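# Summary of structural features
So you can see what is in the structure, the chains are spelled out below.
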Amino acid sequence: MATQRLDTLTVERWARLWEDVRRCELRRGAWYPVLSIAPDEAVLVVRGRGVIIPLAYLEITHTRPDRWTYIARERYAVCPNCAERVAVGQLPARMRCGKCSGVFGIEPAQQAVATA
Ligand SMILES: [Zn+2]
């Protein structure tokens, strides 16, 4: 795995931390590509390297995330493409990312805390 080019992998799953989980290597609200999933843990690609995270901490999706994650408590949104963090006051319907220039809708707040 160490020799695999992480940036060229075709990823079919993405994961992010549940809103109440805090782990310093992962940015809250950001989606990370999933390299592999074991019964109780997953390997995510974090800044170009594989990081093992317990499955219990993760929300996993099979569709490429295309909406900003909105962290209502701290009033910021996280870009689904590049994980840029943007402070938001009034929520627009769509928002452009200043870092990657992507334009995405915003995830409804209640969805961010729903349990799969
Ligand atoms: Zn972005």
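Placed above this text is the structure.
Cut-off values and rules
Residues numbered from 1 in each chain as written. Predicted model: local features only at pLDDT ≥ 70, side-chain atom pairs only at ≥ 80, totals over all residues. Heavy atoms only, no water. Donors = N, O, S within 2.8 Å, 3.2 Å for Na, K, Ca; no water. Tetrahedral: all angles 85-135°; square planar, octahedral: opposite > 155°, others 65-115°. Helix = DSSP H or I, 4+ residues; strand = E, 2+ residues; numbered from the N terminus. Buried < 20%, exposed > 50% of the residue type's maximum accessible area, 1.4 Å probe, protein only. Pairing = 2+ DSSP bridges. Axes fitted to C-alpha atoms, helices over the stretch in contact; angles between N-to-C directions.

### Quick notes on the coordination of the zinc ion
- Around the zinc ion, the protein contributes the donor atoms Cys79 (SG), Cys82 (SG), Cys97 (SG) and Cys100 (SG), at 2.3 Å from the metal centre.
- Considering all 4 donor atoms around the zinc ion, angles at the metal cover 104 to 115° and the coordination shape is tetrahedral.
- Sequence positions of the donors to the zinc ion reduce to the motif C-x2-C-x14-C-x2-C. Of this pair, Cys79 sits in the loop between strand E7 (76-78) and strand E8 (85-87) while Cys97 sits in the loop between strand E9 (94-96) and strand E10 (103-106), and the two are 18 residues apart along the sequence. Here the two residues Cys79 and Cys97 agree in accessibility, since each one is buried.

### A closer look at the sheet that holds strand E4 (residues 49-54)
- Taken together, the 5 strands give an open sheet; going across it, the order is E4-E3-E2-E1-E5, and neighbouring strands pair in antiparallel fashion. Where the open sheet ends on each side, the last strands, each with one partner, are E4 and strand E5 (58-61). On average, adjacent strands in this sheet sit at an angle of 40° to one another, irrespective of strand direction.
- As defined by bridge partners, strand E3 (residues 41-46) adjoins E4 across 6 bridges and the pair is classed as antiparallel. Each residue of the ladder has a partner; that of Ala42, found in E4, is Ile53.

Fair warning: the whole summary comes from geometry, so function is off the table for now.
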